[in-house]
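Tertiary structure, described
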Amino acid sequence: MRTCRTLAAGGFLLFFVGGWVAPASAQTSTASIRGTVTDAQGQPVAGAEVSAVGVETGFVKSVISRSDGSFLLPGLVPGPYQVVVSSPAQQPRSREVTLLVGQTTELDFQLSPGEVFEEEVTVVGATPVEMETHQVVTNVTPQQLEELPQNNRNFLNFAELAPGLRVSDDEFRQTFAAGAQTANAVNVFVDGVSFKNDVLQGGIVGQDASRGNFFPQNAVQEFRVLTQNYSAEFQKSSSAVITAVTKSGTNTVTGDVFGFWQDKGMVERDPFAAPDTPRPEYERLQAGLTIGGPFVRDRFHYFLSAELNDQDRVNRVALGSSGPPELREQFLPFEGEFVSPFESNLLFAKGSFQPVENQLWDLSVFARDETDERGFGGQTSFESAEEIVNDVGQLTGRHQFTAANWLNEASLGYQEFKWNPRPLNEQSVGLDYQGILRVGGRDTEQNFDQERISLRDDFTTFGLGGGAHVLKIGGNVDYLEYDVFKRFAGNPIYRLRQTENWEFPFEASFGLGDPSLSGDNTQVGLYAQDDWTVSDRLTLSLGVRWDYESDMFGTDYVTPQQIQTDWGPVLLDRFGQGFLDTYFTDGNDREGIYDMFAPRLGITWDAFANGRTILYGGWGRFYDRILYNNTLDERFRLQYSVGLFRFSEDGSPTTEGFPTVAWQPRLLTIAGLQEILATGITGNPEVFLIENETEAPYADQWNVGVRHSFGAAGTRLIGSLAYGNVRSHNGFTFIRGDFRDDGTCCLTLVEGYSRLLLSNDDVRTWYDAIYVTLDKPFTSSSRWGGQLAYTYSDAEQIGGDLFSLDFPFPADYPRYPTGGVEEHRLVASALVHLPWNLNLGSVLEYGSGLPFNIDDRSLGEGINERVFRRNAGEGDDHLRIDLRLEKAFTLQGRLAISVIGEVFNVFDDEFFTNYDGFLPPLTGQPNPTFGEPRAIVGNSQRRYQVGARLRF
């Protein structure tokens, strides 16, 4: 009932805003053109037809100028257009302009008297740079995607060109983050479709613990990075948003085939590898193709892209130093180098159909199929490896209709994401000969599945207030199903050691119970966004968004009666009645989250009324969500546990007093372990309790800045200086419920249980930043372009990550620097077209160093002596320069072949990590390696790559 009232209230709010208000509206995957039409005397021309004709597609969109001569062409697919303006008794005029995603371009036309059929006058313009926006925003152009160096073809890596963004260098977590928040707080939209990951880390589907790429780079036409204060149409992100648009077919059959190669000879040695260790075997092939063209010219086009990422690297398995020679000899066949293969296949196909002018249909399909064999090496045999399957599928249909004063965009999509780590060899149980080798099958399998059906509609009207208001109203309804399977130690693992002369295991771990969990969730979002041109100099952007989730954290969960019986009296005595009301639920104490109201405001001011100096600012509230996997332990730990079975020769207790079972060979099987379940020597269950009034995480953001244009067209520079402020709230974490009075761990509150963990939503972050950018757009006349982004960051937080166990409560934490944020960061890029069909691209990245933890025991190791100082140290700064040179050879007509050479980290200035932060007691020996790194980040050593491309 409350949900219905909230939906009704949201609808009333949108109606109220629409009646109160009515430049161009915000856009997830399109662009707009606005301007005025005047006659030779400067008077407005009403009733002029303004048409945008796709230069490559022939698709047409037309509107009529209003009484004041103004017009707006919204919902244009980014790309090149010829804009034609005609009116009776006036000579037609046209201009060619290239539109970037999310931008609104100003074009004014002055018509002269004459016959309608006089010859056109065409003015060719350069790619525009948007000036009048309150957002901290960066566009990554098609040329940058095509010509800048890129080591792994993950287009999201180019987000580093934007100020305030941090792109992960971890090969297994190719993510980005902003605003002192984690990567979980971002969202990515492709053609207006959200790819939010509700269940696992990484922010977007498919990017948790993966070497693979999110989407085929050769299918992405361009994208836009919104660092701060994006409009109300974007949902489920409290930090940054990326919105990308895919390529489409044209009236000409075009395409390309490419391949890039890298092997161990192209990779510098890891500086921490032993000098006499040979370089590990490594090969990587990245290949792909695109093709697009017309089914019917000017009406129906197709586009297809595919990318392959095939990698083979070698992990070395070596025996440890323990054990007698005769035992070690048995494991010699397990030693050696074994291939760890990775393969990713990405496929995207799209059809675009314009049955009549001002109407457009799109249907697209995307598939990602990825497998990775890993989890072995060192003292873990290849027999114990796992295979990780990572699949994403997306089917989307979109429709767009433009009328005289309004535009409607609707989409319907289905998306499925599956992440499935599973043993490669589950036919044999695991045997861990401690200090020698781990053999046998891997112990754990997991399977996470997220299915989403999404319906979205966006309605824009641009005739209100004589064209001064552009009002966009819309919403989305998403139906989601989550299926989770977590079979920890489902294949048992037995441990052997010297104490028993390696003759039989001293213990085994084996998963018991129901490993399956499932849930469903409904997400509803409604928004209104008004862009109001108050005057020629002042523009206001007024927005509000409301989101609802039916089940973000176990709404219908019932605290088991056994937990209430066992724990109720103890917790009542320890914390009081309020605690039980807060954490125990009968299935009616939790509600869907319906109070996510998010107002947003933006202002731009043309300081000198010439369009060259723009003052801007904005404020907004932005909601995110809690990961489904982070809330499952409340149920999972009670329905599934990992039992610990102890063995001895005769069944006598251990020296610590733990009971054992007399070892028999038949116990070396799953059936054997199931026989002794009744002995009751499995591990005690952990109790997780979630607060009934848990709130959704959100961030308040505000910024203020100035943007200025220097120079003339062709050599124009756009510079900006801005201050950004982000304060995030309601970070979800777990704290100890069984801490001692002095805050240390841990009390045994209830016999038969191990520990008590309580959810808490008091984690907070503080982020202050200075953003400096400088852009020189690439033009055909200057033949070069460049971009620079400098960010100064001050990032702090209280609490930990998913677990905040250092203090009783997050509020008890002293504010400390947030990990993963460098104080100073500079990224610059350049594109230069040289003679002889040579294209040079470069990226420079400088960072002042990541913080690291200091374990300070200088005063001693007692409770009030040892101090763990989170992120108190600062790592070494680093400088990376990447270069790409391409030479094209024209064969015939459009047919050309290119050879490409790339070098990454030209000066081999590695990015270090894993710093030694140990400060020993003053009474002992000093630590000579304090503050020194012990590893490099990802693949930051110098690398080379060669490639070739055939275009047609």
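Residues numbered from 1 in each chain as written. Predicted model: local features only at pLDDT ≥ 70, side-chain atom pairs only at ≥ 80, totals over all residues. Heavy atoms only, no water.

A tally of regular secondary structure across the protein chain gives 7 helices and 51 strands. Projecting the C-alpha coordinates of the protein chain onto the three principal axes gives extents of approximately 110 × 65 × 55 Å. Counting across all 952 residues of the protein chain, residues that qualify as buried make up 56%. On the protein chain, roughly 38500 Å² of surface is accessible, and the fraction owed to carbon and sulfur atoms is 56%. (Helix = DSSP H or I, 4+ residues; strand = E, 2+ residues; numbered from the N terminus. Buried < 20%, exposed > 50% of the residue type's maximum accessible area, 1.4 Å probe, protein only. Areas by Shrake-Rupley, 256 points an atom, 1.4 Å probe, with all protein chains shown as cover.)

With that settled, the discussion passes to the sheet that holds strand E25 (residues 437–439). Sheets are built from strands paired through backbone hydrogen bonds, the pairs being either parallel or antiparallel. The 6 strands lie next to each other as E25-E24-E28-E29-E34-E35, forming an open sheet whose pairing is mixed. Pairing within the sheet leaves two strands with one partner each, and these edge strands are E25 and strand E35 (661–662). The pairing of strand E24 (residues 430–433) with strand E28 (residues 493–496) spans 4 bridges and is classified as parallel. When the sheet's bridge partners are listed, Leu 431 is paired in E28 with Tyr 494. (Pairing = 2+ DSSP bridges.)

A few words now on the confidence of the model for the protein chain. Regions with low pLDDT should not have their predicted coordinates read in detail. Of the residues in the protein chain, 95% have a pLDDT of 70 or more, and the chain-wide mean is 90. Every residue in residues 1–24 scores below 50 in pLDDT, and together they form 44 contacts with partners more than four places removed in sequence or on other chains. Low pLDDT, under 50, characterises residues 116–126; the stretch is placed with 22 contacts to residues that sit more than four places away or in other chains. (pLDDT = per-residue confidence, 0-100. Contact = heavy atoms within 4.5 Å.)

Moving on, we get to the environment of His 399. Inspection of the secondary structure assignment puts His 399 in strand E22 (residues 386–402). Considered as a pair, His 399 and Met 596 are 197 residues apart in the sequence and their alpha carbons are 29 Å apart. Apart from residues no more than four positions distant in its own chain, His 399 is found in contact with Gln 359, Leu 360, Trp 361, Asn 408, Glu 409 and Ala 410. Within polar-contact distance, the side chain of His 399 engages the side chain of Gln 359 at 2.9 Å. (Polar contact = N/O pair within 3.5 Å; in protein donor to acceptor, adjacent residues only side chain to side chain.)

Sheet architecture is open: 5 strands sit in the order E10-E15-E16-E13-E14, paired in mixed fashion. Edge positions in the sheet fall to strand E10 (136–140) and strand E14 (193–194), since each has one partner strand and no second. Relative to strand E16 (residues 241–246), strand E13 (residues 187–190) runs parallel, the two sharing 4 bridges. Among the inter-strand pairings, Val 188 is bridged to a residue of E16, identified as Ile 242.

Below, the discussion takes up a nonpolar patch on the surface. Together, Val 257, Leu 289, Leu 304, Leu 347, Phe 889, Leu 891, Leu 895, Ile 897, Val 899 and Leu 950 give the surface a local cluster of nonpolar side chains, amounting to about 750 Å² of exposed area. Among the structural elements, Leu 347 can be located in strand E20 (residues 336–353). (Patch = residues over 30% accessible without salt bridge, like charges linked within 9 Å, V, L, I, M, F, W, Y side chains within 5 Å. Salt bridge = Lys/Arg side-chain N within 4 Å of Asp/Glu carboxyl O.)

All right, on to unusual backbone geometry then. In this model, Asn 501 sits at a positive phi of 60°, which is unusual for a non-glycine residue. For Trp 836, which is not glycine, the phi torsion reads 65° and is therefore positive. Of note, Trp 836 is situated in the loop between strand E42 (824–834) and strand E43 (838–847).

What follows deals with a negative patch on the surface. On the surface, a cluster of negative charge is made up of Asp 581, Asp 586, Asp 589, Asp 595, Glu 693 and Glu 695. Residue position: Asp 581 is located in helix H5 (residues 577–583). Asp 581 gets classed as exposed once you look at its relative accessible area, which sits at 52%. (Lys, Arg positive; Asp, Glu negative; His and termini not counted. Charge placed at Lys NZ, Arg CZ, Asp CG, Glu CD.)

All right, on to the side chain of Asp 700 then. Structurally, the position occupied by Asp 700 is in strand E37 (residues 698–710). Within the structure, Asp 700 has its side chain in polar contact with the side chain of Arg 621 (distance 2.7 Å). Setting aside chain neighbours within four positions, we find Asp 700 in contact with Trp 619, Gly 620, Arg 621, Asn 725, Val 726, Arg 727 and His 729.

Relative to the helices and strands, Ala 896 resides in strand E47 (residues 895–904). We classify Ala 896 as buried; its relative accessible area is 11%. Put simply, Ala 896 and Phe 952 are 56 residues apart on the chain and 6.6 Å apart in space, counted from C-alpha to C-alpha. Ignoring anything within four residues of it in the chain, the contact list for Ala 896 reads Phe 889, Thr 890, Leu 891, Arg 949, Leu 950 and Arg 951.

Approximately 45° is the largest bend angle found in helix H4 (residues 561–575), and it occurs at Trp 567, with the proline Pro 569 only one to four residues beyond. Of the positions making up H4, those classed as buried are Ile 563, Trp 567, Gly 568 and Leu 571. Of the residues trailing H4, Gly 576 is marked for its positive phi of about 100°. (Bend = angle between axes of the 7 residues up to and from the residue.)

Our next topic: the nonpolar core. In this structure, Phe 155, Phe 176, Phe 214, Phe 215 and Phe 223 are the most contacted members of the largest nonpolar core, which totals 53 residues. Core analysis: the next-biggest nonpolar cluster, separate from the first, contains 26 residues, Leu 327, Leu 496, Trp 502 and Ala 508 among them. (Core = buried A, V, L, I, M, F, W, Y, C linked by side-chain atoms within 4.5 Å.)

In this section: the pairing of E24. In E24, alternate side chains face the same way, and those of Gly 430 and Asp 432 on one face and Leu 431 and Tyr 433 on the other are all buried. Bridging between E24 and E25 involves 3 bridges; their strand directions are antiparallel. Across the sheet, the residue bridging to Leu 431 is Val 439, located in E25. Counting the residues in the hairpin turn of E24 and E25 gives 3 residues, including Gly 435, whose phi is positive at 85°.

Our focus in this paragraph is the state of the cysteines. Scanning the model with the defined rule gives 1 disulfide in all. Residue Cys 745 pairs covalently with Cys 746 via a disulfide, S to S 1.5 Å. In this structure, the disulfide formed by Cys 745 and Cys 746 twists by about -100° around the S-S bond and is classed as left-handed. Given a relative accessible area of 43%, Cys 745 falls into the partly exposed group. (Disulfide = S-S within 2.5 Å.)

Its location among the elements puts Glu 634 in helix H6 (residues 633–639). Looking at Glu 634, its side chain comes within polar contact range of the side chain of Arg 590, at 2.8 Å. With sequence-adjacent residues up to four places away left out, Glu 634 is seen in contact with Tyr 557, Arg 590, Phe 688, Leu 689 and Ile 690.

Our focus in this paragraph is the pattern of salt bridges. A complete count under the given rule lists 55 salt bridges for this structure. Arg 880 serves as the salt-bridge partner of Glu 160, at 3.1 Å between the closest nitrogen and oxygen. Residue Glu 160 is located in the loop between helix H2 (142–147) and strand E11 (165–167), and its partner Arg 880 is located in strand E46 (residues 878–892); the two are separated by 720 residues in the primary sequence. Both residues of the pair, Glu 160 and Arg 880, count as buried.

A few words on the packing of aromatic side chains. According to the stated counting rule, one finds 46 aromatic pairs in the structure shown. With centroids separated by 4.8 Å and ring planes inclined at 35°, the aromatic side chains of Phe 579 and Tyr 583 adopt a geometry described as tilted. Here Tyr 583 and Phe 579 lie together in helix H5, a separation of 4 residues that amounts to about one turn. As far as the burial class goes, Phe 579 and Tyr 583 line up, both buried. What links up through ring pairs into an aromatic cluster is the set Phe 155, Phe 195, Phe 214, Phe 215, Phe 223, Phe 303, Phe 348 and Phe 366. Cation over ring: Arg 574 sits above Phe 739, and NZ or CZ is 5.3 Å from the ring centre. (Phe/Tyr/Trp six-rings, centres within 6.5 Å; stacked < 30°, edge-to-face > 60°. Lys NZ or Arg CZ within 6 Å of the ring centre and 35° of its normal.)

All right, on to the pairing of E20 then. If a strand is regular, its side chains alternate between the two faces of the sheet. As defined by bridge partners, strand E19 (residues 300–317) adjoins E20 across 18 bridges and the pair is classed as antiparallel. Residue pairing in the sheet places Val 317 in a bridge with Gly 336 of E20. Here E20 runs beside strand E21 (residues 359–374); their pairing, made up of 12 bridges, is antiparallel. If you follow Gly 351 over to E21, its bridge partner there is Leu 363. In this structure, the hairpin formed by E20 and E21 is closed by a connection of 5 residues, where Asn 358 is found at a positive phi of approximately 75°.

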